[in-house]
Amino acid sequence: MLDLKRLREDPDSVRAGALKKCFPDRAAAVDRVLELDARVRELLPRIEGMRAEQKQAGKQLGKLQGAEREAHLEGQKALKADLQALEQEEKQLQLELRSQLLLVPNLPDPEVPEGEDDTANVEVRRIGEAPAFDFEPKAHDDLALARGWLDVERAADMAGSRNYLLFGDLVLLQDAVLRLAIDHLVSKGFIAVDPPLLVRDKIMEGTGFFPGGEEQTYRCPEDGLNLIGTAEVPVTSIHAGEILDEAQLPRRYVARSMCFRREAGTYGKDTKGLYRVHQFQKVEQVIVDVADEARSREHHEAITRNSEEVLEMLGLPYRVVAVAGGDLGVPQAFKYDIECWMPSREAFGETHSASRFYDYQARRLNIRYRPEGGKKPLHCHTLNNTVLASPRILIPLLEVHQQADGTVRVPEALRPYLGGREVL
RNA sequence: GGUGGGAUGGCAGAGCGGCUGAAUGCGACGGUCUUGAAAACCGUUGAUGGGUCAAACCAUCCGGGGGUUCGAAUCCCUCUCCCACCGCCA
């Protein structure tokens, strides 16, 4: 969430930010927050004054005896009743204030492209060439089906649409590519994490997915738990409520996890193949560091590069785009998507998403650090990026490296993970 | 699932219902000493909100929520988590 002080001092830019992100109703939350805040600030001094009085008088009461004590007691009881009424009102206001504040989106950075949706995204760079085939290339699912690597019909029978069964070498390939991704990040000093996949509501709220993302989430209300849609959620929350030493920062984590998404409201969209599915595996990188915008920006470039390096090792052509305001989520300040070339689509398809948040998530999760010199704790900055998500990455991997006979070339970097095999 | 014990400041760990925002130790920070460092010694050191140019000052916070009381870290209820043992089971 945003700093209430900042919102108080500069509501216009917060409102403008929400509009740039195409959240008009959330821009309205800004006004609700201001109104509630004003009422709290009017009420609070009165309550504090009364409490001070109660405290003082109470201390004297402890020393009094007899009739004097009785008289005093009456006054205290009356004060208590008045105070309780005001406190009740204040509590209500604070609850409402917080829930409205949670709705206010993070401010988009100035360089976020204007625009309503992903058609306004701006290409930053393009690496690699779309492959030219001297035969009729297959789509990944047709290829996989022909090789007995994929079955969507039986998967749908047991689990509904947008599910899949993978078999044989494709399973091994998937494992290889995920492991390559982890190893690459570990070699850069990231700490490998295996996080919980079911998390509490407040963790979903802390990372900015709730309120708003409930529809996209598989929920277990009996237990108050939710299946994560990305390891960003548990990993960013590792240090929730803590005050870290500056010397411990930055924290760099890389997590491999299963991810679950309901994909509500996407009926009929991307129904073919393995592009949009309900469960998938993802290797995700997360950084928690000091509250320094310049450093956040450096980290953002670095984590984007990390993922690009993996794509380059895999021999996949891709481009990086700066995501437009209307395509940004509530908590992000800026986001790069990496899109891989997918021959069957004759287009780039999103495979990665690198975001920086500044202190927006850290404020919600209350992740702080103590700056060198023992000064006041500050809220950290957080960032994250996909390293690799499968089965989506299998789309370009199969399609780009396919051969005329239906086999698939294994990129050199992957061979050690597949027993040295050059072709699948 | 059952029973018992526990949750206090960055960490460890005390705490008769009013004199406790909290002893003590560690750590951190500042200083003395030293060529420099270590050790030793002295001092400072919780968070949040309000307030102030900055202070002073005021309020709140002892796992979360609720209650008893004029007054709660301290008593009661409840939830969560941790630890131990029993039962059950991958």
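Residues numbered from 1 in each chain as written. Chains lettered and ligands numbered in written order. Predicted model: local features only at pLDDT ≥ 70, side-chain atom pairs only at ≥ 80, totals over all residues. Heavy atoms only, no water.

### As for the packing of helix 7 (residues 168-186) against helix 10 (residues 293-313)
As a reminder of what qualifies: In this description, a line fitted to the C-alpha atoms serves as the axis of each element, helices being fitted only across the stretch in contact, and the angle between N-to-C directions of two axes falls anywhere from 0 to 180 degrees. By definition, any uninterrupted DSSP run of H or I lasting at least four residues is a helix, any uninterrupted run of E lasting at least two residues is a strand, and each is numbered from the N terminus. Angles are sorted into four bins: roughly parallel if under 35 degrees, roughly antiparallel if over 145, roughly perpendicular if 65 to 115, and oblique for all others. We call a crossing left-handed when the near helix sits turned anticlockwise from the far one by less than a right angle, and right-handed when that turn is clockwise. By definition in these notes, contact holds between two residues if any of their heavy atoms fall within 4.5 Å. Here the nonpolar group is Ala, Val, Leu, Ile, Met, Phe, Trp, Tyr, Cys and Pro; Asp, Glu, Lys and Arg are the charged ones; every other residue, Gly included, is treated as polar.
Taken N-terminus to C-terminus, the directions of helix 7 and helix 10 make an angle of 135 degrees; their axes are 10 Å apart at the nearest point. As judged from the angle between their axes, helix 7 and helix 10 are oblique. For the crossing formed where helix 7 meets helix 10, the hand is right-handed. Residues Leu180, His184 and Leu185 of helix 7 lie in contact with helix 10, whose contacting residues are Asn306, Glu309, Val310 and Met313. Considered class by class, the residues forming the contact of helix 7 with helix 10 number 4 nonpolar, 2 polar and 1 charged.

### Considering unusual backbone geometry
Short version of the rule: Only protein chains enter the area calculation, which uses a 1.4 Å probe; residues under 20% of their type maximum are buried, those over 50% are exposed, and those in between are partly exposed.
Omega for the bond connecting phenylalanine 210 with proline 211 falls within 30 degrees of zero, at -10 degrees, which places this linkage in the cis form. Cis geometry marks the peptide bond from serine 390 to proline 391, where omega comes out at 20 degrees. Relative to the elements of secondary structure, proline 391 occurs in the loop between strand 16 (381-390) and helix 12 (394-401). Notably, glutamate 346 is not glycine yet its phi reads approximately 50 degrees, a positive angle. Along the chain, the position of glutamate 346 falls in the loop between strand 12 (334-342) and strand 13 (347-358). Looking at glutamate 346, the relative accessible area reads 67%, which means it is exposed. Positive phi is not limited to glycine here, since asparagine 366 has a value of about 55 degrees.

### Quick look at the domain arrangement of chain A
Selection rule: Each domain span listed reflects an automatic or database assignment of domains. When a carboxyl oxygen of Asp or Glu is within 4 Å of a side-chain nitrogen of Lys or Arg, the pair counts as a salt bridge.
Taken domain by domain, chain A comprises domain 1 (4-101) and domain 2 (118-418). Averaged C-alpha coordinates put domain 1 and domain 2 at centres separated by 42 Å. Facing 6 residues of domain 1, the contacting portion of domain 2 comprises 10 residues. For the interface between domain 1 and domain 2, the tally reads 1 salt bridge. Two residues, arginine 98 and glutamate 205, come together in a salt bridge whose shortest N-O distance is 2.9 Å. When grouped by side-chain class, the residues that make up the side of domain 1 that touches domain 2 number 2 nonpolar, no polar and 4 charged.

### Structural notes on the sheet that holds strand 1 (residues 122-127)
Rule in force here: Pairing between two strands requires that DSSP report at least two bridges joining them.
Strand order across the open sheet formed by 8 strands is 1-11-12-13-16-10-9-4, with mixed pairing between neighbours. Both outer strands of the open sheet, strand 1 and strand 4 (191-193), are each paired with one neighbouring strand and no more. Neighbour-to-neighbour, the strand axes of this sheet turn through a mean angle of 25 degrees, independent of strand direction. Pairing analysis gives 4 bridges linking strand 13 to strand 16, with the strands arranged antiparallel. Its bridge partner lying in strand 16, tyrosine 358 is registered against threonine 382. Contacts between helix 12 and the sheet are confined to strand 12 and strand 16, with strand 12 contributing the most and set at about 35 degrees to the helix.

### Considering the layout of surface pockets
If you roll a probe as big as a water molecule over the atoms, it shows you where there is empty space left. To keep it simple, the criterion reads: Lining residues are those with an atom within 4 Å of a point, where the points come from a 1 Å grid over the protein atoms alone and group into cavities, where a 1.4 Å probe fits but cannot get out, or pockets, open sets with protein on both sides within 12 Å along at least five of seven lines. Grid points are joined across faces, edges and corners, and a volume is the space filled by probe spheres set on the points.
Put simply, the second largest pocket is a space of about 270 Å³. Lining the second largest pocket are 20 residues; nearest its centre among them are Ser161, Arg162, Asn163, Arg276 and His278. A breakdown of the residues in the lining of the second largest pocket according to their chemical character gives 7 nonpolar, 8 polar and 5 charged.

### Focus: the packing of aromatic side chains
Which entries qualify depends on this criterion: What counts as a ring pair is set by centres within 6.5 Å for rings of Phe, Tyr and Trp (its six-membered ring), and what kind of pair is set by the plane angle: stacked under 30 degrees, edge-to-face over 60, tilted for all other angles.
This model, assessed by the stated rule, comprises 3 aromatic pairs. For the pair phenylalanine 133 and phenylalanine 135, a centre-to-centre distance of 5.3 Å together with 70 degrees between the ring planes defines the contact as edge-to-face. By relative accessible area, which is 23% here, phenylalanine 133 ends up partly exposed. Ring geometry for tryptophan 341 versus phenylalanine 348: centroids 5.2 Å apart, planes at 75 degrees, classification edge-to-face. Across the pair, phenylalanine 348 and tryptophan 341 agree in class, each one buried.

### Regarding the confidence of the model for chain A
Note the cut-off: Confidence of the predictor at the level of single residues is captured by pLDDT, which takes values from 0 to 100.
On average, chain A scores 90 in pLDDT, and the residues at 70 or more come to 97%. Listed scores for the predicted complex are pTM 0.90 and ipTM 0.85.

### Re the environment of glutamine 332
Structurally, glutamine 332 is set in the loop between strand 11 (318-322) and strand 12. For glutamine 332, a relative accessible area of 10% gives the class buried. Excluding anything up to four places from it in sequence, glutamine 332 contacts Lys21, Asn106, Leu107, Ser355, Arg356 and Phe357.

### Brief notes about the side chain of arginine 363
On the secondary structure map, arginine 363 appears in helix 11 (residues 360-365). Relative accessible area serves as the criterion here: at 19%, arginine 363 is assigned to the buried category. If we ignore the near neighbours within four places in the chain, the residues touching arginine 363 are Met1, Leu2, Asp3 and His379.

### Section: the nonpolar core
Formally: The set of buried Ala, Val, Leu, Ile, Met, Phe, Trp, Tyr and Cys residues whose side-chain atoms join them within 4.5 Å is what this entry labels a nonpolar core.
Residues Leu173, Leu314 and Leu414 are the most contacted members of the largest nonpolar core, which totals 53 residues. The leading source of residues in this core is helix 7, at 9 residues. Of all hydrophobic cores here, the second largest spans 24 residues; its members include Val30, Leu36, Val104 and Val330.

### Observations regarding the pairing of strand 11
In terms of burial, strand 11 is largely enclosed, as 4 of its 5 residues are buried. Note that strand 1 and strand 11 share 5 bridges and pair antiparallel. Among the inter-strand pairings, glutamate 123 is bridged to a residue of strand 11, identified as valine 321. The sheet contact formed by strand 11 and strand 12 spans 5 bridges and is antiparallel.

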